[in-house]
Amino acid sequence: YTILSKVHSDRNVYPSAGVLFVHVLEREYFKGEFPPYPKPGEISNDPITFNTNLMGYPDRPGWLRYIQRTPYSDGVLYGSPTVENVGKPTIIEITAYNRRTFETARHNLIINIMSAEDFPLPYQAEFFIRNMNVEEMLASEVLGDFLGAVKNVWQPERLNAINITSALDRGGRVPLPINDMKEGVYVMVGADVPFSSCLREVENPQNQLRCSQEMEPVITCDKKFRTQFHIDWCKISLVDNTKQVSTFQEVIRGEGILPDGGEYKPPSDTLKSRDYFSDFLVTLAVPSAIALVLFLILAYIMCCRREGVEKRNMQTPDIQLVHHSAIQKSTKELRDMSKNREIAWPLSTLPVFHPVTGEIVPPLHTDSYDNTSMPLMQTQQNLPHQTQIPQQQSAGQY
């Protein structure tokens with residue numbers, strides 16, 4: 001496909017400062033700029049998305065938001081203009097993308113912000129509606145129904161919608177896709193009369209206590225909203241601008257001239273050489289000398305102060321040396337004798353099975369046998385029931 005870009009004529013809108021501004025980007029408006037559907041007779045329903053930005057900048061102004069839930073739904077620009085932009089035209093570049101043909105169509109939206117007569121409205125109330133999404137609330141009929149319900153409760157002479165904010169922009173979580181759950185939306189309205197007694201009920205200590213315990217407060221006018229709007233009365237905010245004391249302080253600007261600090265003296269271009277020998281002695285030589293002295297002391301203690309075997313024997317009594325030597329000889333003799341009995345049958349005083357016949361052999365000695373005079377080791381010839389290992393006969397005798 002050939003990627004084309006077509007530009008619509010500019011469109012001018014005239015919102016008022018401090019009043020909710022809503023502009024719908026209709027898909028039907030841009031479908032005529034894209035080629036028809038490839039199959040004749042079928043209705044074109046191409047996915048179309050929009051990109052909006054302030055002319056010369058990558059994003060929109062801070063007061064303007066944009067939302068489009070799916071490529072098959074219309075986009076919506078909404079927000080509350082500020083007083084600072086009154087009289088300054090704001091040019092928004094709108095680019096429509098056809099996701100089937102990758103074509104684009106573009107036009108400019110010129111927002112001329114007008115000043116309101118009695119802006120700002122002194123009494124402002126912000127409601128949190130739990131069963132609505134922001135694009136549903138921006139619909140003209142839904143917003144009109146909500147303002148009508150508020151007007152019946154408040155009874156003002158003038159009532160305006162000031163701003164609409166999604167709960168996701170206030171730190172809310174994305175709802176689970178079950179039971180048609182909504183993300184919620186904050187709606188701020190302003191009026192020219194004080195708050196009604198019904199709205200003041202949220203400030204009662206009993207309702208404040210119920211809200212702290214995560215319980216639904218008791219509001220008499222809740223039934224006027226409940227049929228269509230589920231309002232969280234614990235999150236309602238009432239602002240009375242007539243009682244707020246302005247903390248703005250006028251900034252006294254000076255002449256912009258720094259006080260005289262004397263003649264400027266830059267550093268010298270020539271730097272003096274510095275002797276680092278003392279730094280070397282402190283950082284390397286001194287620790288190295290201390291380590292060398294400690295090494296020499298340790299070497300003298302370990303190598304030059306050894307007593308030796310001869311000095312140890314001279315200081316040991318003769319009877320202790322003889323006793324130690326006798327133990328060593330006895331240990332060596334026992335080890336030599338244990339090597340000679342490795343091929344013999346094991347000796348035991350417990351009943352064992354005969355290795356040939358399988359009969360139970362009685363103990364070598366009875367319990368009443370006096371073994372005090374018995375030598376420590378016995379020879380194999382004195383042991384009864386000893387199995388003789390057959391000797392190999394010579395070939396001639398066989």
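Residues numbered from 1 in each chain as written. Predicted model: local features only at pLDDT ≥ 70, side-chain atom pairs only at ≥ 80, totals over all residues. Heavy atoms only, no water.

Draft legend 1. Region of the structure containing the overall build of the protein. Tallying secondary structure elements over the protein gives nine helices and 14 strands in all. Within the protein, the proportion of its 398 residues that are buried is 28%. Long-range pairs, those at least 24 residues apart, make up 68% of the contacts in the protein between residues at least 6 apart in sequence. For the protein, the accessible area works out to roughly 29,200 Å², and carbon and sulfur atoms hold 56% of it. (Helix = DSSP H or I, 4+ residues; strand = E, 2+ residues; numbered from the N terminus. Buried < 20%, exposed > 50% of the residue type's maximum accessible area, 1.4 Å probe, protein only. Contact = heavy atoms within 4.5 Å. Areas by Shrake-Rupley, 256 points an atom, 1.4 Å probe, with all protein chains shown as cover.)

Draft legend 2. Fine view of the side chain of Glu-201. Relative to the assigned elements, Glu-201 resides in the loop between helix H4 (197-200) and helix H5 (205-212). Of the buried charged residues, Glu-201 lacks a salt bridge, with Lys-224 as the closest side chain of opposite charge at 10 Å. (Lys, Arg positive; Asp, Glu negative; His and termini not counted. Salt bridge = Lys/Arg side-chain N within 4 Å of Asp/Glu carboxyl O.)

Draft legend 3. Local environment of unusual backbone geometry. Not every positive phi belongs to a glycine, and Phe-102 is a case in point at roughly 60°. Tracing the chain through its elements places Phe-102 in the loop between strand S7 (90-98) and strand S8 (104-111). Phi at Gln-155 takes a positive value of approximately 60°, unusual for a residue other than glycine. Taking relative accessible area as the criterion, Gln-155 reaches 56% and is therefore assigned exposed.

Draft legend 4. Spotlight on the pattern of salt bridges. Counted under the stated rule, the structure contains twelve salt bridges. Put simply, Glu-203 and Arg-200 hold a salt bridge, and the shortest N to O gap is 3.2 Å. Residue class for Glu-203 comes out partly exposed when judged on its relative accessible area of 42%. The class of Arg-200 is partly exposed, set by a relative accessible area of 29%. Two residues, Asp-279 and Arg-274, come together in a salt bridge whose shortest N-O distance is 3.8 Å. Note on Arg-274: relative accessible area 58%, which makes it exposed. Overlapping salt bridges, with partners in common, bring together Arg-69, Glu-135 and Glu-183 in one network.

Draft legend 5. Inspection of the UniProt feature "transmembrane region" (unreviewed entry) in the protein at higher detail. Those residues carrying the UniProt feature "transmembrane region" (unreviewed entry) are residues 280-303 in this numbering. For residues 280-303, the end-to-end C-alpha separation is 33 Å, with 100% helix and 0% strand making up the annotated structure. (UniProt positions renumbered as here; feature names shortened; annotations may be inferred.)

Draft legend 6. The arrangement of the nonpolar core in detail. Counting residues in each nonpolar core, the largest one holds 40 residues, and the members touching the most others are Phe-127, Met-137, Phe-146, Trp-154, Val-189 and Trp-233. For this core, the elements supplying multiple residues, two or more each, are strand S6 (75-79), strand S9 (123-129), helix H2 (134-137), helix H3 (140-154), strand S10 (159-166), strand S11 (185-191) and H4. Ranked by the residues each element gives to this core, the list is headed by H3, at eight residues. Lining this core are residues from two domains, each supplying at least three of them: domain 1 (6-113) and domain 2 (123-240). Those residues in contact with Phe-127, other than ones at most four positions away along the chain, are Phe-146, Val-150, Val-185, Tyr-186, Val-187, Val-189, Leu-199, Ile-231, Trp-233 and Ile-236. Ranked by size, the runner-up nonpolar core spans 19 residues in total, among them Leu-64, Leu-109, Ile-111 and Ile-113. (Core = buried A, V, L, I, M, F, W, Y, C linked by side-chain atoms within 4.5 Å. Domains from an automatic or database assignment.)

Draft legend 7. Examining the sheet that holds strand S3 (residues 21-25) more closely. Strand order in the open sheet formed by three strands is S3-S6-S5, with antiparallel pairing between adjacent strands. Of all strands in the sheet, those with a lone pairing partner are S3 and strand S5 (64-67), marking the two edges. Between one strand and the next, the sheet's axes are offset by a mean angle of 20°, whatever the strand orientation. The sheet contact formed by S3 and S6 spans five bridges and is antiparallel. Its bridge partner being in S6, Val-24 is matched across the sheet by Val-76. (Pairing = 2+ DSSP bridges. Axes fitted to C-alpha atoms, helices over the stretch in contact; angles between N-to-C directions.)

Draft legend 8. Quick look at the state of the cysteines. For the structure on display, the rule yields two disulfides. There is a disulfide in this structure between Cys-198 and Cys-221, and the S-S distance comes to 1.5 Å. Between Cys-198 and Cys-221, the disulfide has an S-S torsion of -75° and is therefore left-handed. Taken as a pair, Cys-198 in helix H4 and Cys-221 in the loop between H5 and helix H6 (223-226) lie far apart in primary sequence, 23 residues in all. Neither residue differs from the other here; Cys-198 and Cys-221 are each classed as buried. With a sulfur-sulfur separation of 2.2 Å, Cys-211 is cross-linked through a disulfide to Cys-234. Sign of the S-S torsion, about -85° for the bond between Cys-211 and Cys-234, identifies this disulfide as left-handed. (Disulfide = S-S within 2.5 Å.)

Draft legend 9. Quick look at the side chain of Asp-46. Relative to the helices and strands, Asp-46 resides in the loop between helix H1 (27-31) and strand S4 (48-54). One polar contact links Asp-46 to Asn-98, side chain to side chain, over a distance of 3.1 Å. (Polar contact = N/O pair within 3.5 Å; in protein donor to acceptor, adjacent residues only side chain to side chain.)

Draft legend 10. Inspection of the sheet that holds S11 at higher detail. Read from one edge of the open sheet, four strands run S10-S11-S9-S12, paired in antiparallel fashion. Single-partner strands in this sheet number two, and they are S10 and strand S12 (237-240). Averaged over all pairs of adjacent strands, the angle between their axes in this sheet comes to 15°, without regard to strand direction. One ladder, built from four bridges, connects S9 with S12; its direction is antiparallel.

Draft legend 11. Here's a closer look at the pairing of S7. Relative to S7, S4 runs antiparallel, the two being bridged by seven bridges. Residue pairing in the sheet places Thr-52 in a bridge with Ile-94 of S7. Note: S7 against S8, eight bridges, orientation antiparallel. Opposite Ile-91, over in S8, you have Ile-110 as the bridge partner. Taken together, S7 and the strand that follows it, S8, pair antiparallel across an intervening segment of five residues, in which Phe-102 is found at a positive phi of about 60°.

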